[in-house]
Amino acid sequence: MRIGELAGVVGVTTRAVRHYHHLGLLPEPERRANGYREYGLRHAVVLARIRRLTELGLGLAEVRDVLADEAGKDLVEVLTELDEDLARQEEALRERRARLRVLLEAEGGVPAEGPVSPELAALFARAAHLSDSPMAVKDREIIAFLETAVPEGERERLVSSVGEALGGPEAMARAGEAYALLDALASAEPADPRVDEAARALADCIPPTLFPGIGETGEIGEIGEIDQHDSVLRAFYDDLAPAQAEAVRRALRFLSEERR
């Protein structure tokens, strides 16, 4: 058989056959006097085995190991490991699909910030009326970022704290007032007298569990591990108008003073 005939019989491409030659998976036949390679039944058998193994999900490095063991005793071990890996993938897919169903069926649909945890999506839906505020939109983006960035063990505390900040009509009203005061500072200078009012309103909205490690300078001392460098905090302040950034700094300073 010529290479095209071999590939056609086994159901692969000639490019795949040449690739298997290159990797040493399929031995190359010697060229005949006319310059063409002539493939025999043994080549077809090996090539068919390569195809079956790759269709099962084995990588080519694993296929090489299987083919190298003529007794086939390693094949059982490799296939067992593959079966266990596929089982883990199936479980992961079931969990992901379950999360997607919750998001797709949630009241208010998928939030504009993209897929977040079902718990956070529910909180965002409850606070949807605040989305007219540019500062509220920015805050939601930051919260969604934090949920992704913090270590897994910290996510539940983060979402719980956000829920506390938006836990009821009074808390929601305080948040709305703080957002309005911060929005009004979009074109203001840091020395604007309204900065202090906005900072105090914001501080009143932040539950003690949200930033447990606020330091004496008013900087966030610990949110999981995301602020082990100051770059995240600097980027956050840089994304705000100067007066808004100053209001956030003062709010954190107020909290720091209250917790000392």
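Numbers given for residues are sequential positions, taken from 1 along each chain in its written order. Per-residue local features are limited, in this predicted model, to residues with pLDDT of at least 70; the limit for side-chain atom pairs, both in listing and counting, is 80 or more; totals at the level of whole chains, interfaces and linings are taken over all residues. Based on all heavy atoms of the structure, the side-chain values leave hydrogens and waters out of the count.

*Asks:* Tell me what's going on with the overall build of the protein chain, and back it up with residues and numbers.
*Replies:* Strands here mean DSSP runs of E at least two residues long; helices mean DSSP runs of H or I at least four residues long; both are numbered from the N terminus. Each helix and strand in the protein chain was counted, giving 12 helices and zero strands. Each helix and strand of the protein chain, ordered N terminal to C terminal, gives the series α-α-α-α-α-α-α-α-α-α-α-α. By the burial criterion, 37% of the 260 residues in the protein chain qualify as buried. For this analysis, residues touch if any pair of their heavy atoms sits within 4.5 Å. Across the protein chain, contacts joining residues at least 24 apart in sequence account for 59% of those joining residues at least 6 apart. Surface accessibility follows the Shrake-Rupley procedure with a 1.4 Å probe radius. Residue values consider only the protein chains on display as shielding. Entry remark: accessible area of the protein chain is about 15700 Å², with carbon and sulfur atoms responsible for 51%. Burial classification: accessible surface area is computed with a 1.4 Å probe over protein chains only, and a residue below 20% of its type maximum counts as buried, one above 50% as exposed, and the rest as partly exposed.

*Asks:* Explain the packing of helix H7 (residues 134-149) against helix H9 (residues 169-183) to me, using residue names and the numbers behind them.
*Replies:* Structural elements are reduced to axes, namely lines fitted to C-alpha atoms, with helices fitted over the stretch in contact, and the angle between N-to-C directions of any two is expressed from 0 to 180 degrees. Relative to each other, H7 and H9 sit at 110°, their axes nearing to 8 Å. Considered as vectors, H7 and H9 are oriented roughly perpendicular to each other. Residue-level contacts link Pro134, Met135, Ala136 and Asp139 of H7 to Tyr179, Leu182 and Asp183 of H9. Just so you know the grouping, Ala, Val, Leu, Ile, Met, Phe, Trp, Tyr, Cys and Pro go in nonpolar, Asp, Glu, Lys and Arg go in charged, and all remaining residues, Gly too, go in polar. When the residues that make up the contact of H7 with H9 are grouped by side-chain class, the tally is five nonpolar, no polar and two charged. Angle categories: roughly parallel below 35 degrees, roughly antiparallel above 145, roughly perpendicular from 65 to 115, and oblique for all the rest.

*Asks:* I'd like a description of helix H1 (residues 3-10), backed by residues and values.
*Replies:* Among all positions in H1, only Ile3, Leu6, Ala7 and Val10 are buried. Around the axis of H1, the buried residues are gathered within 95° of arc, so they sit on the same side. Projecting away from the buried face of H1 at angles above 90 degrees are the exposed residues Gly8 and Val9. On its buried face, H1 sits against helix H2 (14-23) and helix H3 (41-55). Immediately beyond the C-terminal end of H1, within one or two residues, lies Gly11, with a positive phi of roughly 90°. The directions from the helix axis to the C-beta atoms form the arc being described.

*Asks:* Explain the packing of aromatic side chains residue by residue, including any values.
*Replies:* Here a pair means two rings of Phe, Tyr or Trp (six-membered ring of Trp) with centres within 6.5 Å. Their orientation is stacked below 30 degrees between planes, edge-to-face above 60, and tilted elsewhere. Applying the stated criterion to the full structure yields zero aromatic pairs. Comment: the charge-over-ring label is applied if NZ (Lys) or CZ (Arg) is within 6 Å of the ring centre and within 35 degrees of the ring normal. Over the ring of Tyr36 we find Arg2; its NZ or CZ atom is 4.2 Å from the centre of that ring.

*Asks:* Provide a residue-level description of the nonpolar core, including the pertinent values.
*Replies:* Residues Leu120, Leu130, Val162, Leu182 and Leu185 are the most contacted members of the largest nonpolar core, which totals 44 residues. Of all elements in the fold, only helix H6 (118-126), H7, helix H8 (152-165), H9, helix H10 (194-205), helix H11 (231-238) and helix H12 (242-259) reach the threshold of two or more residues within this core. At eight residues, the largest contribution of residues to this core is made by H12. Once residues within four sequence positions are removed from consideration, Leu120 is found in contact with Ile143, Ala144, Glu147, Val159 and Val162. Ranked by size, the runner-up nonpolar core spans 20 residues in total, among them Val10, Ala16, Ala44 and Ile50. Take the buried residues of types Ala, Val, Leu, Ile, Met, Phe, Trp, Tyr and Cys, join any two whose side-chain atoms come within 4.5 Å, and each joined set is a nonpolar core.

*Asks:* Before we move on, could you go through the side chain of His21 and cite the residues and values that matter?
*Replies:* Looking at the element boundaries, His21 is found in helix H2. Relative accessible area serves as the criterion here: at 10%, His21 is assigned to the buried category. One polar contact links the side chain of His21 to the main-chain carbonyl oxygen of Leu26, over a distance of 2.8 Å. Ignoring sequence-local partners within four residues, the contact set of His21 consists of Leu26, Pro27, Glu28, Pro29 and Tyr39. Throughout this description, a polar contact denotes any pair of N or O atoms lying within 3.5 Å of each other; where both atoms belong to protein, one of them has to be capable of donating a hydrogen while the other can accept it, and for residues adjacent in sequence the pair is counted only when both atoms sit in side chains.

*Asks:* An account of the layout of surface pockets is requested, with residue identities and associated values reported.
*Replies:* One way to see where empty space is left: roll a probe the size of a water molecule over the atoms. Detection works on a 1 Å grid of protein atoms alone, calling trapped sets that fit a 1.4 Å probe cavities and calling open sets with protein on both sides within 12 Å along at least five of seven lines pockets, with lining residues defined by an atom within 4 Å of a point. Grid points are joined across faces, edges and corners, and a volume is the space filled by probe spheres set on the points. Reported here for the second largest pocket is a volume of approximately 350 Å³. Forming the walls of the second largest pocket are 12 residues, and the residues nearest its centre are Arg99, Val116, Ser117, Glu147 and Arg155. Contributions of two or more residues to the lining of the second largest pocket are made by H6, H7 and H8. In terms of residue count, H8 provides more of the lining of the second largest pocket than any other element does, four residues in total. Its residues placed into classes, the lining of the second largest pocket shows four nonpolar, two polar and six charged.

*Asks:* Give a description of a negative patch on the surface that names residues and reports values.
*Replies:* A surface patch of negative charge is lined by Glu62, Asp65, Glu77, Glu81, Asp83, Glu84 and Glu90. Counting only elements with at least two residues in the negative patch, the list comes to helix H4 (60-68) and helix H5 (73-105). The element contributing the most residues to the negative patch is H5, with five residues. With respect to the element layout, Glu81 can be found in helix H5. What goes into a patch is any residue over 30% in relative accessible area without a salt bridge, connected to like charges within 9 Å or, for nonpolar side chains (Val, Leu, Ile, Met, Phe, Trp, Tyr), within 5 Å. Any Lys or Arg side-chain nitrogen found within 4 Å of a carboxyl oxygen on Asp or Glu counts as a salt bridge. Residues scored as positive are Lys and Arg, those scored as negative are Asp and Glu, and His as well as the terminal groups of each chain are ignored. For charged residues, the charge sits on one atom: NZ in Lys, CZ in Arg, CG in Asp, CD in Glu.

*Asks:* Give me the confidence of the model for the protein chain: which residues, what numbers.
*Replies:* What pLDDT conveys is the predictor's confidence in a given residue, as a value from 0 to 100. Considering every residue of the protein chain, the mean pLDDT works out to 80; 83% of them sit at 70 or more. Taken element by element, the protein chain is modelled with least confidence in H11, mean pLDDT 75, and with most confidence in H2, mean pLDDT 94.

*Asks:* Quick one: what's the story with the environment of Arg49, residue by residue and with numbers?
*Replies:* Mapped onto the elements of the fold, Arg49 is located in helix H3. Residue classification places Arg49 among the partly exposed positions, given a relative accessible area of 26%. Between the C-alpha atom of Arg49 and that of Leu67, which follows or precedes it by 18 residues, the distance is 8.7 Å.

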